[in-house]
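Below are the chains, spelled out letter by letter.
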Amino acid sequence: MRRRGFLINTAVIIILIPLILLAAVYEGVASGITSAQSQNILLSRDTFAISTIKKDFQNALDLSLKRAYLTLTDYVIENGLLISENASYALKTLILTGTLGGVPQKDMANVTLKVWFDNLVNYLSSQGLRIYPSNFSVFESHLQLTVAPLDSFHIVAIAKITNVTIRDSSGRVMFSGDIPESGMVYSIVSATGFEDPLLPASLNGLYTRVIQPCAIPYPGDTYGYYNINNVTSLVFGWCYIGVNATGQYGTQTVYYPTILNRFERVPYATYVTRQQAYVTMAIRIQRELGINSTLPVGLITFLVPSDATDPALVGAFTSLRISLPSDYNSIAFYLLNCVYEGGSYCVPGETVNSEYPAFHLDNVTKVLVFNTTG
Amino acid sequence: MLVNFGDFLYSLGERVERLIKSFVEVILLILKPESSKKPPSFKLTSKLIQKRFTVHELISLHLQIVFLAYLLLAFGLVVLTRSPLFVGVFSVIYLLYLRYILVRYSKFLLDPEPYRMFYSGVSIISSLSFVGYTVIRDMKLSPYLYYSYLGLVVIVVIAFWMYFKRTFKRDYTFGVIKDVKDDIVQVFIHDDISANVKPGYYWLPSVGDAKPGMVVKILVEDRPFRSAKPVRILEVYFSQSSQSSTEPKKDTE
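(A) Summary view of the overall build of chain A. A tally of regular secondary structure across chain A gives 10 helices and 13 strands. Across the 374 residues that make up chain A, the buried fraction comes to 39%. Within chain A, counting contacts between residues at least 6 apart in sequence, those at least 24 apart form 62% of the total.

Here's what the structure looks like:
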């Protein structure tokens, strides 16, 4: 066949158009698949990053709350009960920045949310990601944090970081929203096994108790009541019982302290306001956690000042030159606050039974603990 | 030295001025082409073509090469860039250049109308399909839609091809007898897009009164996806001209 120039057929030209386009489409689809796969990988990395941040935030809050509770206990025992700040706020600043009344607390050094947040910013930037808010003072305004009693023996911290935006290096928004996306992060710490700050702080460290529940931690219809004729376990147990925050008998009303009130020493009116506020928060959080029956929030222990039952306590009173009125009340919180604050804290009490004449209680508490005024 | 340097700067300025002037001229020429009196030279294309072909084949080949180059470059742009802008601008430049060639040199083509129609048609279809593809690719649709789009383009291309064939298709072409040997004759046939014949010398069965230099009408046999094959001489025109009667203008050679 002779070569007839370089001209090609028009039919071939016509076919070439869709063929070249087919090649382009094929390339596009193939690269679309690859880019979809890499998007997928990115996406799983994103969700991984977000769920990691959420878990990490939970861990940080857990650690921080525990350490803050310990630090506050130590601080109160060493420096006396909180007079102006409330314990909830004190725990909050400890968790956030590790300071108490503006003074950095050594024990909080590496477990504050500030440290956690700075680490988070560094970690994300090492992954090529940027987070907004990017500095701690702005972050604080995006953080909702509340510390409250959960029930008689537990403290809860609830937290949420609102309006967080995470971008990659090209500015693409990878995450925008709250951490966690819905609800809050809850962190619960048990006060059981820790020292009760009220007693050593009030008695100059001469007397101390560790918070331990009694045999019946929550006297009531569900778990039963103590026998008014056998109060030995309450007198010698040096243990704690949880009661409803507000007790009423006849015309008399007694507000029982929550665990957070045991860090504070304030005038009676302030005490009642704060106690009510703590109880309201506690009940709200109990509902949020799905606890439908209200758990008691009040926490009490009894001081029975007699050589026969508690010589150490009598010794402490003697060395501190505390003389008790004859109608004192054995509820530690009321007894000690009556000594230091006086006024409405001095709730008179009567002997519970003749076996332990030094064990005095008011009728409201008697009904709560024994279901009878005896 | 100083004078020489001054001279150098002066000549440099002159060159730049000339360059700008010719650049502006080229732009104006491309935007507002006028029919040329001189046949085109197409330096690059003319190297590829055999000497015995005429300016008609040269323009036809040039149109083909330019179109194929456009297809390949546009393909490259579609693959390498993400924005419809690049392939769009490139298509506009190509379409302007095509218009320039067609307006300026179509009178040197033997039968310009089918050429103009064919190249305008395929160029517009392919540039629209490329730009359209880059646009729908940006929408990140399902791959099936891309292939549906491709199917649409195939339908448009086939429709255009049918329309072109219906309008311009001939089953004959014209040639000039170059040599007569007993019962066969050698004819020279020009590139003919309407009959889909490649240019060149063909041996055909002779007819009685065939003499060299005569213009003949030749029957062609269409073959799918290949150029048509000249089969036999249909009519003989008694022409003294060495050119085929399908060439309307003497000055094409």
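Picking up after the structure, the text goes on.
(B) Up close: the overall build of chain B. When you go through chain B residue by residue, the secondary structure sums to 6 helices and 5 strands. Mapped from its N terminus to its C terminus, chain B presents α and β elements in the order α-α-α-α-α-α-β-β-β-β-β. By residue count, 32% of the 253 residues in chain B fall in the buried class.

(C) Up close: the pairing of strand E8 (residues 240–243) of chain A. All names here are of chain A. Alternating positions in E8 separate into two faces, Tyr240 and Gly242 on one and Ile241 and Val243 on the other, with burial throughout. Note that E8 and strand E11 (residues 298–301) share 4 bridges and pair antiparallel. By the bridge assignment for E11, Ile241 is matched with Ile300.

(D) Fine view of the pairing of strand E2 (residues 184–189) of chain B. Residue and element names in this part refer to chain B. Side chains Val185, Val187 and Ile189 project from E2 onto a buried face, and the interleaved Ile184, Gln186 and Phe188 project onto a face without burial. Looking at chain direction, E2 and strand E3 (residues 200–205) are connected through 6 bridges and run antiparallel. What sits directly across from Ile189, in E3, is Gly200.

(E) Main features of the packing of helix H1 (residues 10–79) of chain A against helix H3 (residues 55–80) of chain B. Packing of H1(A) against H3(B) leaves a shortest axis separation of 9 Å and a crossing angle of 10 degrees. Relative to H3(B), H1(A) is oriented roughly parallel. Note on element contacts: H3(B) touches H1(A) through B:Gln64, B:Phe67, B:Leu71, B:Phe75, B:Val78 and B:Val79, opposite A:Ile13, A:Leu16, A:Ile20, A:Ala23, A:Ala24 and A:Glu27. Along the lines of polarity and charge, the residues of the contact of H1(A) with H3(B) split into 10 nonpolar, 1 polar and 1 charged.

(F) Main features of the confidence of the model for chain B. Residue and element names in this part refer to chain B. The pLDDT averaged across chain B works out to 85; a share of 93% of its residues lies at or above 70. Counting interchain partners and residues more than four positions distant, the pLDDT-below-50 stretch residues 242–253 has 24 contacts. Per the prediction output, this complex has pTM 0.60; the corresponding ipTM is 0.78.

(G) Inspection of the nonpolar core at higher detail. The biggest cluster of nonpolar side chains holds 91 residues, and the ones touching the most others in it are A:Leu72, A:Leu91, A:Ile95, A:Ala157, A:Ile300 and A:Ala332. Residue contributions to this core reach at least three from each of two domains, namely domain 1 (50–190) and domain 2 (198–370) of chain A. Ignoring sequence-local partners within four residues, the contact set of A:Ile300 consists of A:Tyr240, A:Ile241, A:Val243, A:Tyr256, A:Ile331, A:Ala332 and A:Phe333. Within the second largest apolar cluster, 40 residues are counted, among which are B:Tyr70, B:Leu109, B:Phe118 and B:Val153.

(H) Representation of helix H5 (residues 112–138) of chain B within the structure. Taking 1.5 Å as the rise per residue, H5(B) with 27 residues should run 39 Å; its terminal C-alpha atoms sit 39 Å apart, in good agreement. At the C-terminal side of H5(B), B:Lys140 shows a positive phi close to 55 degrees.

(I) Seen up close, the interface of chain B and chain A. Residue-level contacts link 37 residues of chain B with 25 residues of chain A. When residues in the side of chain B that touches chain A are grouped by element, the largest group, 9 residues, is from H3(B). Among the residues forming the side of chain B that touches chain A, the class breakdown is 24 nonpolar, 8 polar and 5 charged.

(J) Representation of the sheet that holds E3(B) within the structure. All names here are of chain B. Read from one edge of the open sheet, 5 strands run E3-E2-E1-E4-E5, paired in antiparallel fashion. Bordering the open sheet on either side are E3 and strand E5 (226–237), each of which pairs with just one other strand. Strand-to-strand, the axes of this sheet are offset by a mean angle of 45 degrees, without reference to chain direction. In terms of strand pairing, strand E1 (residues 172–181) meets strand E4 (residues 215–223) through 5 bridges, oriented antiparallel. By the bridge assignment for E4, Val176 is matched with Val215.

Rules used in this analysis
- Residues numbered from 1 in each chain as written.
- Chains lettered and ligands numbered in written order.
- Predicted model: local features only at pLDDT ≥ 70, side-chain atom pairs only at ≥ 80, totals over all residues.
- Helix = DSSP H or I, 4+ residues; strand = E, 2+ residues; numbered from the N terminus.
- Buried ≥ 20, exposed ≤ 12 C-beta atoms within 10 Å, placed from the backbone.
- Contact = placed C-beta atoms within 7 Å.
- Pairing = 2+ DSSP bridges.
- Axes fitted to C-alpha atoms, helices over the stretch in contact; angles between N-to-C directions.
- Parallel < 35°, antiparallel > 145°, perpendicular 65-115°, else oblique.
- Nonpolar A, V, L, I, M, F, W, Y, C, P; charged D, E, K, R; others polar.
- pLDDT = per-residue confidence, 0-100.
- Core = buried A, V, L, I, M, F, W, Y, C linked by C-beta atoms within 7 Å.
- Domains from an automatic or database assignment.
- Expected span 1.5 Å × (residues − 1).

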